[in-house]
2 protein chains.
Amino acid sequence: MSTADAPSAPVQRDTRQRRAVAGALAATEEFRSAQEIHALLRDSGDKVGLATVYRTLQAMADGGEVDVVRSEAGEARYRRCAVDHHHHHLICRVCGRAVEVEGPAFEQWASAVAREHGFADVTHTLELTGTCPDCA
Amino acid sequence: MSTADAPSAPVQRDTRQRRAVAGALAATEEFRSAQEIHALLRDSGDKVGLATVYRTLQAMADGGEVDVVRSEAGEARYRRCAVDHHHHHLICRVCGRAVEVEGPAFEQWASAVAREHGFADVTHTLELTGTCPDCA
DNA sequence: TTATCTGCAAACATTTTGCAGCGAG
DNA sequence: CTCGCTGCAAAATGTTTGCAGATAA
């Protein structure tokens, strides 16, 4: 056996582009689409190819570094995933603003339902979409 | 003013294609993608253009006749929205089996959260994914 | 050096749209 | 008869991929 027989850590190289994408994500709380990030970076002067943005975000999502949701328009939107405890978002369908929402009651309900049906290893995806006070 | 001054009811014509799409949706409980429905109809012998399927589903979604969710792959999936009381699905990630789940407690929690943040017209998408007893 | 990453552009999949003709009302 | 609906195919999105060259380790 070698010193490292765990192929599960495909460590990424530390490149300017990767840092730029990570930086753009770190700069905000909100969900951003790949194209938004690409535009944002170009704006900041960091030139990163669109494909690279996509590849980087995908890699980050695989590594669990970012959360991904699908907008109603069908685009993937990414956000840095710093929080340990699970929470969800209430998203305004007009301005896209996202409010973080905690739901202990909901979490409990979900586990209860899963257990009741004998399902194991249950995860959930929850999105609340509405019109926020400012956009009403 | 005319006898009907409510422009909010752009009544759709009753066509063979529209009926076919509605039929395909009525035939199942599950969410279907536009392309699946198109294939399904072709299979049944009803020939409906793909564009028409898209247009029809979109119209139905606008009219609130169907629910729409986005799959993780980014496609839109439609389901007839006949049920008065809202319910969700607990889906097995191995065999794909879906169990219907009711969640009055969850519904209440969702409305409460929405109200608390001043959001109006809030809808939610909830998916529970796990491994069912048979596939464990 | 060498394997990975990047950029570009072409390939892809899904959904939308323009236009001529069909068909419901 | 009229106007909306349909079908086809082309266009528009959003995302992925092949390849040659750049670059981190």
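The notes below deal with the structure included here.

### A look at the sheet that holds strand β4 (residues 88-92) of chain B
Next up, step 1: Across the sheet, 6 strands lie side by side as β5(A)-β4(A)-β6(A)-β6(B)-β4(B)-β5(B); this open sheet has mixed pairing. The open sheet has two free edges, formed respectively by β5 (98-101) of chain A together with β5 (98-101) of chain B, since each of these has just one partner strand. Strand after strand, the sheet turns through a mean of 20° between neighbouring axes, direction not considered.
Next up, step 2: Strand contacts of helix α4 (residues 104-116) of chain A: β4 (88-92) and β6 (120-131) of chain A together with β4, β5 and β6 (120-131) of chain B, with the helix running at about 140° to β6 of chain A, the strand carrying the most contacts.
Next up, step 3: Its contacts with the sheet put helix α4 (residues 104-116) of chain B on β4, β5 and β6 of chain A together with β4 and β6 of chain B, and the angle it makes with β6 of chain B is roughly 140°.

### Considering the pattern of salt bridges
Residues and elements named next belong to chain A.
Next up, step 1: The final tally for this structure, using the stated rule, is 9 salt bridges over all chains.
Next up, step 2: The shortest N-O distance in the salt bridge between E36 and R32 comes to 3.8 Å.
Next up, step 3: Here E75 and R77 are joined by a salt bridge, their closest N and O atoms 2.9 Å apart.
Next up, step 4: Linked through salt bridges whose partners overlap, the residues forming this network are R32, E36, E75 and R77.

### Concerning the nonpolar core
Next up, step 1: Within the largest apolar cluster, 25 residues are counted, with the highest numbers of intra-cluster contacts made by W109 of chain A together with W109 of chain B.
Next up, step 2: Elements that contribute at least two residues to this core include exactly β4, β5, α4 and β6 of chain A together with β4, β5, α4 and β6 of chain B.
Next up, step 3: Not counting chain neighbours up to four residues away, the residues in contact with W109 of chain B comprise V101, E102, G103, A105, F106 and L126 of chain A.

### Structural notes on the relation of the copies chain B and chain A
Next up, step 1: Once turned by 176° and shifted 0.4 Å along the axis, chain B lies on chain A with an RMSD of 1.8 Å. Viewed as a symmetry operation, the transformation between the two copies matches a two-fold axis. Within chain B, G74 of chain B has its C-alpha nearest the rotation axis, a separation of 2.0 Å.
Next up, step 2: A shared binding surface is used by both copies, with 100% of the interface residues of chain B retained as interface residues in chain A.

### Observations concerning the interface of chain B and chain A
Frequently, the measure chosen for interface size is the accessible area removed from exposure when the parts meet.
Next up, step 1: Listed by partner, the interface residues are 37 residues for chain B and 37 residues for chain A.
Next up, step 2: Summed over the three residues of chain B that lose the most area to chain A, namely R70, W109 and F119 of chain B, the buried surface amounts to 24% of that side.
Next up, step 3: At the boundary of chain B and chain A, one finds 0 salt bridges.
Next up, step 4: If you look at where chain B meets chain A, you find 1 residue pair in polar contact (both at pLDDT 80 or more).
Next up, step 5: Contributing elements (two or more residues each) for the side of chain B that touches chain A: β4, β5, α4 and β6 of chain B.
Next up, step 6: Among the residues forming the side of chain B that touches chain A, the class breakdown is 19 nonpolar, 11 polar and 7 charged.

Cut-off values and rules
For every chain, the first residue of the written sequence is number 1, and numbering continues from 1 along that sequence. For naming, the first written chain is A and the first written ligand is 1, with later ones following in the order written. At least 70 in pLDDT is required for a residue's local features to be given in this predicted model, at least 80 for side-chain atom pairs to be given and counted, and no such filter applies to totals for whole chains, interfaces and linings, which use all residues. Excluding hydrogens and water, the side-chain figures rest on all heavy atoms present in the structure. By definition, two strands form a pair when at least two bridges between them are found by DSSP. For the purposes of this entry, the term helix denotes a DSSP run of H or I that reaches at least four residues, the term strand denotes a run of E that reaches at least two, and both are numbered from the N terminus. Fitting a line to C-alpha atoms yields each axis, with helices limited to the stretch in contact; the angle taken between N-to-C directions then spans 0 to 180 degrees. Here a residue-residue contact requires only that any non-hydrogen atoms of the pair lie within 4.5 Å. Whenever a carboxyl oxygen of Asp or Glu lies within 4 Å of a side-chain nitrogen of Lys or Arg, that contact is scored as a salt bridge. Nonpolar cores were defined as sets of buried Ala, Val, Leu, Ile, Met, Phe, Trp, Tyr and Cys residues, with membership established by side-chain atoms within 4.5 Å. Exposed residues in this analysis have more than 50% of their type's maximum accessible area, buried residues have under 20%, and partly exposed residues fall in between, with area computed by a 1.4 Å probe over protein chains only. To superpose the copies, least squares is applied to the C-alpha atoms of every residue with a pLDDT of at least 70 in both. When two parts are brought into contact, each loses some accessible area as probed by a 1.4 Å sphere; the total of that loss over both is the buried area. Any N or O atom pair separated by 3.5 Å or less is treated as a polar contact, with the protein-specific requirement of one donor-capable and one acceptor-capable atom, and with residues adjacent in sequence counted only for side-chain atom pairs. Residues are grouped as follows: Ala, Val, Leu, Ile, Met, Phe, Trp, Tyr, Cys and Pro are nonpolar; Asp, Glu, Lys and Arg are charged; every other residue, Gly included, is polar.

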